[in-house]
Amino acid sequence: MPSSSPNRRTRSPGGASRSLRPYLYLAPALLVYGALVLYPLGRAAHLSLFDWDGLSLATFVGFENYVDVFTDERLRAAFLHSLVFVFFYAILPLVLGLVAATVLTRAKVRGIGLFRTIVFLPQVIAMVVVAIAWRQIYAPDGALNVMLRAVGLGDFARAWLGDYDFALPAVGLIGSWVSTGLVTVLLLAGMARIPREQFEAARLDGAGPVREFFAVILPAVRAEITVALTLTIVASLKTFDLVYVTTRGGPGSSTTVPSYEVYVRAFELGEVGSAAAVGITLTLLIFLINLAVNRVGERSDDPAGNRSRKSRERAR
């Protein structure tokens, strides 16, 4: 016993250094992350507790700015509009991407690489350029109304971005056009990894296209679906440039979103504390929604065989 204790004492410093070594390698990245992300976020949270116009002395108001986020009708509408954008940016592109990727995978279309490049193009075009182009399409004398009149549907022509009822869906459809290509490319990459034997086995069992989709394709691309939803939901909730260029939140406040409200309150109204509170609330909303999406995705990744094995072990 006396001879073993010195050995333990001499090994403990080395063991401690080995346990700290990974953190030393991570320290530079953590410092950069803290300086560029965590500190500005903490500074914004601090400013959200004050009534400040950006120039004069700030007045501490506690959580009053956060109360305004939930009681101000315009801000409540902005957050509801951002949730509507989740449908257009994430849910609708996911449905369209699943259909397009499944058809292309089953049909073995030639030139699939060229198709991926074409559908991904909206992702590499600046959103300001996209917004300007679609603003021209939606104009009263734009391409959309010209096409409607050409096919005898002139009664449906309108100033799409100036209509209280259609402005929000019109802007949302631009987001669908931008996001569908990204989702399709992600799903095509996931479906390309599915072994052909699984399709053959499903067809031998008499599975049709619908059953094959739910039994083979959908379980195999759950990870890609989780990634696609995470990226598109973040894009939908923090969208600013699209709204700023197309409608500036109008007509009235029918298309305003939280990011646009942050800009208006901070740089036009001089309400920096209120803008910071809106930004922090939006950050928490994005975090919670994406946390839920990733938790559901992680549970879905558990194969049926693992679940059945666990159930048998519990039964024993």
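Quick caveat, the model's predicted, so the values are computed rather than measured.

A contiguous patch of negative charge on the surface is contributed by Asp51, Asp53, Glu64 and Asp68. Under the relative-accessibility criterion, Asp68 is labelled partly exposed at 31%.

On inspection of all chains with the given rule, the structure shows 15 aromatic pairs. Ring geometry for Phe85 and Tyr89: centres 5.9 Å apart, planes at 50°, overall tilted. Residue Phe85 and its partner Tyr89 are both found in helix 3 (residues 73-107); the two are separated by four residues, about one turn of the helix. Judged by relative accessible area, which is 0%, Phe85 ranks as buried. The buried category is assigned to Tyr89, whose relative accessible area is 3%.

With that settled, the discussion passes to the side chain of Asn145. Mapped onto the fold, Asn145 is located in helix 6 (residues 143-150). Here Asn145 falls in the buried class, since its relative accessible area comes to 0%. Among all residues touching Asn145, those that are not within four sequence positions of it are Tyr138, Ala139, Pro140, Ala157, Arg158 and Trp160.

Let's shift gears to unusual backbone geometry. Here the residue pair Gly250 and Pro251 is connected by a cis peptide bond, since its omega of -5° sits within 30 degrees of zero. Among the secondary structure elements, Pro251 is positioned in the loop between helix 11 (241-246) and helix 12 (258-268).

Attention shifts here to the nonpolar core. Grouped together as the largest cluster of nonpolar side chains are 33 residues, with contacts concentrated most on Leu94, Leu98, Leu187, Met191, Ile225, Leu229 and Ile233. The element that contributes the greatest number of residues to this core is helix 3, accounting for eight residues. Excluding anything up to four places from it in sequence, Met191 contacts Leu98, Ala101, Thr102, Thr105, Ile217 and Val221. Of all hydrophobic cores here, the second largest spans 20 residues; its members include Trp160, Ala170, Val243 and Val264.

On to the pattern of salt bridges, then. Opposite charge on two side chains lets them pair, provided their charged atoms get close. Under the defined criterion, the tally for this structure stands at seven salt bridges. A salt bridge links Arg265 to Asp72, with the nearest nitrogen and oxygen atoms 3.8 Å apart. Taken together, the residues span a long stretch of sequence, with Arg265 in helix 12 and Asp72 in the loop between helix 2 (64-71) and helix 3 at a distance of 193 residues. Residue Asp163 is joined to Arg158 by a salt bridge in which the shortest nitrogen-to-oxygen separation is 3.5 Å. By relative accessible area, Asp163 is classed as buried at 19%. Relative accessible area serves as the criterion here: at 25%, Arg158 is assigned to the partly exposed category. Three or more residues joined by partner-sharing salt bridges are found here, namely Asp72, Arg74, Glu261, Arg265 and Glu271.

Attention shifts here to a nonpolar patch on the surface. Taken together, the side chains of Leu114, Ile118, Leu121, Val124, Ile125, Val129 and Trp177 define a hydrophobic patch exposed on the protein surface, amounting to about 660 Å² of accessible area. Counting residues per element, the nonpolar patch draws most heavily on helix 4 (residues 112-124), at four residues.

Turning next to the confidence of the model for the protein chain. The predicted coordinates should not be examined in detail at positions where pLDDT is low. Averaged over every residue, the pLDDT of the protein chain is 87; the share at 70 or more is 89%. In the model, residues 307-316 has pLDDT below 50 throughout and makes three contacts with residues more than four positions away in sequence or in other chains.

Reading the values: the criteria
- Residues numbered from 1 in each chain as written.
- Predicted model: local features only at pLDDT ≥ 70, side-chain atom pairs only at ≥ 80, totals over all residues.
- Heavy atoms only, no water.
- Patch = residues over 30% accessible without salt bridge, like charges linked within 9 Å, V, L, I, M, F, W, Y side chains within 5 Å.
- Areas by Shrake-Rupley, 256 points an atom, 1.4 Å probe, with all protein chains shown as cover.
- Salt bridge = Lys/Arg side-chain N within 4 Å of Asp/Glu carboxyl O.
- Lys, Arg positive; Asp, Glu negative; His and termini not counted.
- Charge placed at Lys NZ, Arg CZ, Asp CG, Glu CD.
- Buried < 20%, exposed > 50% of the residue type's maximum accessible area, 1.4 Å probe, protein only.
- Phe/Tyr/Trp six-rings, centres within 6.5 Å; stacked < 30°, edge-to-face > 60°.
- Helix = DSSP H or I, 4+ residues; strand = E, 2+ residues; numbered from the N terminus.
- Contact = heavy atoms within 4.5 Å.
- Core = buried A, V, L, I, M, F, W, Y, C linked by side-chain atoms within 4.5 Å.
- pLDDT = per-residue confidence, 0-100.

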